[in-house]
Amino acid sequence: CMSFISIACAMLGFLSPANRGSMLTVSLLLFALMGVAAGYCAALAYKAFKGAQWKSLTLLTAFLFPGIVLGVMFVLNFFIWGQHSSGAVPFGTMFAVLCIWFLISFPLVWVGVWLGYRGTLKDPPVKTNMVPRVIPSQAWYLHPLFTMLIGGILPFGAVFIELYFIMSSIWLQRFYY
């Protein structure tokens, strides 16, 4: 949802390439404002599974992903500061991001969870049969280990071959357009 809104704003001309960082700023603000949607969806899913610890759900929704991303950003920025680089994010900007997270996103997640718990659950689209059935055995190629290996080998092989040709052209000083 946030991606579609950002792309729509860019296509309508609200985000000009002349303004450096406007897309990043809009994405950051949309991420903070989408806390309502995140809390609402998390609360409805948790309510559907009959969860009882809604406070921990709210805290995890508000802190887990943004906390990991901001933590990695802060640690990497400290390394950049240590090298005295001009590409480091200023302390004021980092503090502003923390304020956006705690003062805008976190309360909006609480609002979303509150709205989600107040909402009624929809009935499931199917009726579950209470009579147990025998599950037939699967073919050898449907075993999870086999599907994991095939699912990993094919993309790895494609990327490996592409990188082989790219690196060999660079090392042999041949450039393809």
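A quick note: this is a predicted structure, and the numbers were derived from the prediction, not measured.

1. A look at the overall build of the protein chain
Thought 1: For the protein chain, the count of helices and strands is six helices and zero strands.
Thought 2: Helices and strands in the protein chain line up, N terminus first, as α-α-α-α-α-α.
Thought 3: Rg of the C-alpha trace for the protein chain: 24 Å, well past the compact-globule value of 16 Å for 177 residues, more than 25% over.
Thought 4: With respect to the three principal axes, the spread of C-alpha positions in the protein chain is 65 × 50 × 40 Å.

2. Observations regarding the layout of surface pockets
A probe as big as a water molecule, rolled over the atoms, marks out the empty space that is left.
Thought 1: In this structure, the largest pocket spans a volume of roughly 590 Å³.
Thought 2: Taken together, 21 residues form the lining of the largest pocket, with Leu24, Leu28, Leu70, Met73 and Val97 sitting closest to its centre.
Thought 3: Every element with two or more residues in the lining of the largest pocket is listed here: α2 (22-33), α4 (54-82) and α5 (91-118).
Thought 4: When its residues are assigned to classes, the lining of the largest pocket shows 15 nonpolar, five polar and one charged.

3. Description of unusual backbone geometry
Thought 1: One non-glycine residue, Lys50, lies in the positive phi region at around 60 degrees.
Thought 2: Inspection of the secondary structure assignment puts Lys50 in the loop between α3 (35-48) and α4.
Thought 3: The class of Lys50 is exposed, set by a relative accessible area of 72%.
Thought 4: Even without a glycine there, the phi angle at His84 is positive, about 55 degrees.
Thought 5: Mapped onto the secondary structure, His84 falls in the loop between α4 and α5.
Thought 6: Take His84: its relative accessible area is 74%, and that puts it in the exposed class.

4. Some points on the side chain of Ser169
Thought 1: Mapped onto the elements, Ser169 comes out in helix α6 (residues 144-171).
Thought 2: Judged by its relative accessible area of 11%, Ser169 is buried.

5. What to know about the packing of aromatic side chains
Thought 1: For the structure shown, the criterion picks out 13 aromatic pairs.
Thought 2: Between Phe63 and Phe106, the aromatic rings sit 4.9 Å apart at their centres with planes inclined by 20 degrees, giving stacked as the arrangement. Of this pair, Phe63 sits in helix α4 while Phe106 sits in helix α5, and the two are 43 residues apart along the sequence.
Thought 3: Here the aromatic residues Trp54, Phe63, Trp101, Phe102, Phe106, Trp110 and Tyr117 are joined through ring pairs into a cluster of three or more.

6. A word on the packing of α3 against α4
Helix-helix packing: each pair is described by the crossing angle between the helix axes and the interaxial distance.
Thought 1: Running from amino to carboxyl end, α3 crosses α4 at an angle of 145 degrees, the nearest separation of the two axes being 10 Å. Crossing of α3 over α4 shows right-handed handedness. Taken together, the residues of α4 that come into contact with α3 (itself represented by Ala38, Gly39, Ala42, Ala43 and Tyr46) are Trp54, Leu57 and Thr61.
Thought 2: In terms of residue class, the contact of α3 with α4 is made up of six nonpolar, two polar and no charged.

7. A word on a nonpolar patch on the surface
Thought 1: A cluster of nonpolar side chains, Leu60, Leu64, Ile68, Val72, Val75, Leu76 and Phe79, forms an exposed patch at the surface whose accessible area comes to about 700 Å².
Thought 2: Accessibility expressed as a relative area gives 49% for Leu64, which makes it partly exposed.

8. Some words on the confidence of the model for the protein chain
Thought 1: Here the protein chain averages 87 in pLDDT, while 98% of its residues score no lower than 70.
Thought 2: No element of the protein chain has a lower mean pLDDT than helix α1 (residues 2-11), which averages 78, and none a higher one than α3, which averages 93.

9. What to know about the side chain of Ser105
Thought 1: The residue Ser105 is located in helix α5 in this model.
Thought 2: For Ser105, a relative accessible area of 5% translates into the label buried.
Thought 3: Excluding its chain neighbours within four sequence positions, the residues that come into contact with Ser105 are Ala32 and Ile100.

10. Quick word on α3
Thought 1: Its 14 residues give α3 an end-to-end C-alpha distance of 20 Å, which sits within 8% of 20 Å, the value for a rise of 1.5 Å per residue.
Thought 2: Of the surrounding secondary structure, the elements contacted by the buried residues of α3 are α2, α4 and α5.
Thought 3: Two residues or fewer after α3 comes Lys50, characterised by a positive phi angle close to 60 degrees.

Criteria and thresholds
Residues numbered from 1 in each chain as written. Predicted model: local features only at pLDDT ≥ 70, side-chain atom pairs only at ≥ 80, totals over all residues. Heavy atoms only, no water. Helix = DSSP H or I, 4+ residues; strand = E, 2+ residues; numbered from the N terminus. Rg over C-alpha atoms; globule rule 2.2 N^0.38 Å. 1 Å grid on protein atoms, 1.4 Å probe; cavity = no way out; pocket = protein on both sides within 12 Å on 5 of 7 lines; lining within 4 Å. Points joined across faces, edges and corners; volume = space filled by probe spheres on them. Nonpolar A, V, L, I, M, F, W, Y, C, P; charged D, E, K, R; others polar. Buried < 20%, exposed > 50% of the residue type's maximum accessible area, 1.4 Å probe, protein only. Phe/Tyr/Trp six-rings, centres within 6.5 Å; stacked < 30°, edge-to-face > 60°. Axes fitted to C-alpha atoms, helices over the stretch in contact; angles between N-to-C directions. Left-handed = near helix turned anticlockwise from the far one by under 90°. Contact = heavy atoms within 4.5 Å. Patch = residues over 30% accessible without salt bridge, like charges linked within 9 Å, V, L, I, M, F, W, Y side chains within 5 Å. Areas by Shrake-Rupley, 256 points an atom, 1.4 Å probe, with all protein chains shown as cover. Salt bridge = Lys/Arg side-chain N within 4 Å of Asp/Glu carboxyl O. pLDDT = per-residue confidence, 0-100. Expected span 1.5 Å × (residues − 1).

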